[in-house]
Amino acid sequence: MILALRFLLAGVAAASFGQTSRNVLDEPALAADPAVSAGGKLLAFASTREGSRSLRIWTMPVDGGPPRRVTNGGIDHRQPAFSPDGKSIVYRSDEDGGGIWISPVRGGRARLLARGGERPRFAPDGRTISYRAAGKLFTVDAKGGEPRAIHPDFDASSAPVWTAEGALVFAACRGRSECDWWSAAPGAGPKPLGAAAILKKHKLPATAVPEASTKRGIVFTADDHGKSRLFVLANGAVKRLTAEDRDESSPAIAPDGRVFFASRSENIDVWTLPLRANEAAAKGALQRLTDDPAIDQRPSLSADGSRIAWETSRGGNFEVRVKDLATGRETAITNGPLREHMPAISSDGSELVYDAHDGEVVTIYRSRFDGGPPALVWKESTGQGSFQWTAGAASVLYFHREPPGTVGLMDLASKKRTVLLRHPTWNLSLADARSSPDGQWIAFPVPFADHRSRMAIAKVADAPIGGERDWTWLTPDSFDASQPEWSPDGRWLYYLSSQEGGLSVWASPVADGKAAGGAKKVLEFPHAALTIARMRPRDIGLAVAKDKLALGVAEYRGTLWSAAPAAPWGVASRDPL
């Protein structure tokens, strides 16, 4: 039955009714993804404890005791879930492209159940396991066999959770616009729960999805002023589950009503990868460029890779910094009261453009790499940056937020603006478009659904590019693709993609505006402690030069907590669906 949802939000968060949280596991490692056995005696989690670079699955008594390792290996194992009888654990492994595995709780020989996929969950009867793969929903028999697609008419699906009655609850899109939370009872079709409109009404992110379901309510996380918070939906009301000011994720419910969750700290720095860009071939390991507790992200490289610019939160406000990688000299280009960000360095590395805004007015500036007074380029209330210099350095590619949202060229001398991309439905200003080195082609992500985009390429023409008839799709819509960057010779297009589950850097060979071969993974993040998986693609800011690529990468530490509600969540003992 469709939920009558009602969110009780005020100020920073909805009313909180949870008791003070208790630290469950505190050690100098990353711990994540807690799960509680059906009997309530064991806690499973993923951790890099004992000095491991990779996540492994561990178990420990819920009320304390030494952890016991379940899985081994040098690749991440995460997202564990207990079988209803407590004898097995199913989990996601990143090994060999990723897949769903099952192992005895006490350790032993693990079995591969399905290639690809994430967030596996046992059905209440223990016979079936659900999971998500490439934005679709699947189930597989716990004893093995061929995976089965379920509700294939949905795209961009979240991993489903099971109710006690065996219904599936998930967030998904049917078509390009019908996005909501859905409930699918056994033998019945999915029904919308009306969550999308309520999330929008209360200014909650559309990315909030169901994460745990019990007879007392649905638990989920939602971003609140830059931090992920735990909420519970029960009897049409939403309340904060905890009272502390910390990041919260991955809720798991114990039979006694306690909620276990992970809390992590994040540090974002700029990293570089040695690269033969015209071959899409890495020639070394990922290297840290910045190392401080501030946020350092959205890098931009000169064509020869000798100079770099990025935005940083050092000093408490976002500013623009540059560094000469040959001499090691680093310079602060800005140091003002406004947010100054989205720097783009010219091909020869001599200049950069960036924007500054105060929440209302956006101002575009042009500055010398070596510093000095900036020159004002443009000022208005609806403009925005995300620039790219053209080859001749006479103009920059920019995006413009005024509906319907466009991408165009701005001549830096005359200030003349020419629209290149416009679509009647899709807001293409969300796309970080990039022009090919010869200026004949433009690559851009098309945001066809909430937080999902598909890569396209079009030939630059006199009239604005306005629809699918004018472009060629480079990637399918079954996975997200964003942040395009061309190789110096224009024969490869780099981009961020989740086509194998985790967000990685890929490259596709391109000829005459079309894919000229299969996509190639250039850089992946197999370890959850250092990853781009939870970052916004635009903050990652992929940049490519002849000998390297640069991007923002997040490093994580985390521990586990539990919260015991002061009351049985204030609801009757019935399933809210």
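For the structure, see preceding data.
A brief structural summary. (Residues numbered from 1 in each chain as written. Predicted model: local features only at pLDDT ≥ 70, side-chain atom pairs only at ≥ 80, totals over all residues. Heavy atoms only, no water.)

1. Considering the overall build of the protein chain
The helix and strand tally for the protein chain stands at two helices and 52 strands. What you see for the protein chain is a C-alpha radius of gyration of 24 Å, in line with the 25 Å of a compact globule of 577 residues. Dimensions of the protein chain, computed from the C-alpha atoms along their principal axes, are close to 70 × 50 × 45 Å. Counting over 577 residues, the protein chain shows a buried share of 57%. Sequence separation of at least 24 residues holds for 44% of the intrachain contacts in the protein chain that already meet a minimum separation of 6. In the structure as shown, the protein chain presents an accessible area of about 23800 Å², 49% of it carried by carbon and sulfur atoms. (Helix = DSSP H or I, 4+ residues; strand = E, 2+ residues; numbered from the N terminus. Rg over C-alpha atoms; globule rule 2.2 N^0.38 Å. Buried < 20%, exposed > 50% of the residue type's maximum accessible area, 1.4 Å probe, protein only. Contact = heavy atoms within 4.5 Å. Areas by Shrake-Rupley, 256 points an atom, 1.4 Å probe, with all protein chains shown as cover.)

2. Some points on empty space enclosed by the protein
Under the criterion given, the structure shown has one cavity of 30 Å³ or more. Taken as a whole, the largest cavity holds about 30 Å³ of empty space. For the largest cavity, the full set of lining residues is Ala 134, Gly 135, Lys 136, Asp 155, Ala 156, Arg 452, Asp 477 and Ser 478. Its residues placed into classes, the lining of the largest cavity shows two nonpolar, two polar and four charged. (1 Å grid on protein atoms, 1.4 Å probe; cavity = no way out; pocket = protein on both sides within 12 Å on 5 of 7 lines; lining within 4 Å. Points joined across faces, edges and corners; volume = space filled by probe spheres on them. Nonpolar A, V, L, I, M, F, W, Y, C, P; charged D, E, K, R; others polar.)

3. Brief notes about the sheet that holds strand β11 (residues 99-104)
Read across the open sheet, the four strands follow the order β9-β10-β11-β12; overall the sheet is antiparallel. Unpaired on one side and paired on the other, β9 (77-82) and β12 (111-115) mark the two borders of the sheet. In this sheet, adjacent strand axes meet at a mean angle of 25 degrees when their direction is disregarded. In terms of strand pairing, strand β10 (residues 88-93) meets β11 through six bridges, oriented antiparallel. Bridge assignment links Val 90 to a residue of β11, and that residue is Ile 102. (Pairing = 2+ DSSP bridges. Axes fitted to C-alpha atoms, helices over the stretch in contact; angles between N-to-C directions.)

4. Observations regarding the state of the cysteines
A full pass over the atoms with the stated rule returns one disulfide. At a sulfur-sulfur separation of 2.0 Å, the disulfide partner of Cys 173 is Cys 179. Of note, the bridge from Cys 173 to Cys 179 carries an S-S torsion of about 105 degrees and is right-handed in sense. With respect to class, Cys 173 is no different from Cys 179; both count as buried. (Disulfide = S-S within 2.5 Å.)

5. Digging into the layout of surface pockets
Of the voids in this model, the second largest pocket is the one considered here, and its volume is about 740 Å³. What lines the second largest pocket is a set of 36 residues, and nearest its centre among them are Leu 301, Gln 388, Trp 389, Arg 434 and Glu 485. Here the lining of the second largest pocket is built from residues that sort into 17 nonpolar, 13 polar and six charged.

6. What to know about the pattern of salt bridges
Scanning the model with the defined rule gives 34 salt bridges in all. Across the salt bridge formed by Arg 258 and Asp 256, the nearest N and O atoms sit 2.9 Å from each other. Between Arg 339 and Glu 311 there is a salt bridge, and its shortest N-O distance comes to 3.5 Å. Here the residue Arg 339 occupies a position in strand β33 (residues 339-345), and Glu 311 occupies one in strand β30 (residues 307-312), the gap between them amounting to 28 residues. Taking the relative accessible area as the measure of exposure, Arg 339 reaches 25% and is therefore partly exposed. One salt-bridge network, held together by shared partners, links Asp 292, Asp 296, Arg 314, Arg 321 and Glu 330. (Salt bridge = Lys/Arg side-chain N within 4 Å of Asp/Glu carboxyl O.)

7. So, unusual backbone geometry
Residues other than glycine seldom take positive phi values, yet Arg 119 does so here, at roughly 50 degrees. Counting through the fold element by element, Arg 119 comes out in strand β13 (residues 118-122). The partly exposed category is assigned to Arg 119, whose relative accessible area is 32%. One non-glycine residue, Asp 512, lies in positive phi territory at about 50 degrees. Relative to the helices and strands, Asp 512 resides in the loop between β47 (502-511) and β48 (514-515). Using a relative accessible area of 66% as the deciding quantity, one classes Asp 512 as exposed.

8. Quick look at the pairing of strand β14 (residues 128-133)
Of all six residues that make up β14, six are buried, and the element is covered over most of its length. Burial of the side chains of β14 extends over both faces: Thr 128, Ser 130 and Arg 132 are buried on one face and Ile 129, Tyr 131 and Ala 133 on the other. Pairing between β13 and β14: three bridges, direction antiparallel. Looking across to β14, one finds that Phe 122 is bridged to Ile 129. Between β13 and β14, which pair antiparallel and follow one another directly, the connecting turn spans five residues, one of which, Gly 126, has a positive phi of 80 degrees. For β14 and strand β15 (residues 136-141), the ladder comprises six bridges, and the chain directions are antiparallel. Residue pairing for β15: Thr 128 is matched across the bridge by Asp 141. If you look at the hairpin formed by β14 and β15, you'll find two residues sitting between the two strands, and Ala 134 has a positive phi there, around 50 degrees.

9. Details of the side chain of Thr 475
On the secondary structure map, Thr 475 appears in the loop between β44 (471-473) and β45 (481-486). A distance of 3.0 Å separates the side chain of Thr 475 from the backbone nitrogen of Met 455, its partner in a polar contact. (Polar contact = N/O pair within 3.5 Å; in protein donor to acceptor, adjacent residues only side chain to side chain.)

10. Some points on the environment of Leu 230
Here Leu 230 lies in strand β23 (residues 227-234). Each residue touching Leu 230, except ones within four places of it in the same chain, is listed here: Val 219, Phe 220, Thr 221, Lys 239, Arg 240, Leu 241, Glu 248, Ser 249, Pro 251, Val 259 and Phe 261.

11. Examining the environment of Arg 491
Along the chain, Arg 491 turns up in the loop between β45 and β46 (492-500). Of the residues examined, Arg 491 reaches a relative accessible area of 59% and is grouped as exposed. Expressed as a C-alpha distance, the spacing of Arg 491 and Ala 280, which sit 211 residues apart in the sequence, is 9.6 Å.

12. Details of the packing of aromatic side chains
One pass over the full model with this rule turns up nine aromatic pairs. Ring centres 4.7 Å apart and planes at 70 degrees place the aromatic pair Phe 154 and Trp 182 in the edge-to-face group. Here Trp 182 lies in strand β19 (residues 178-184) and Phe 154 lies in the loop between β16 (148-150) and β17 (161-162), a separation of 28 residues in the sequence. Aromatic side chains Phe 444 and Trp 471 sit 5.2 Å apart centroid to centroid with 80 degrees between the ring planes, which places their arrangement in the edge-to-face category. With Phe 444 in strand β42 (residues 441-449) and Trp 471 in strand β44, this pair connects stretches of sequence that are 27 residues apart. What links up through ring pairs into an aromatic cluster is the set Trp 426, Phe 444, Trp 471 and Trp 473. Positioned above the aromatic ring of Trp 58 is the side chain of Arg 49, whose terminal nitrogen or guanidinium carbon lies 4.7 Å from the ring centre. Here the basic side chain of Arg 534 rests over the ring of Tyr 556, its NZ or CZ set 5.0 Å away from the ring centre. (Phe/Tyr/Trp six-rings, centres within 6.5 Å; stacked < 30°, edge-to-face > 60°. Lys NZ or Arg CZ within 6 Å of the ring centre and 35° of its normal.)

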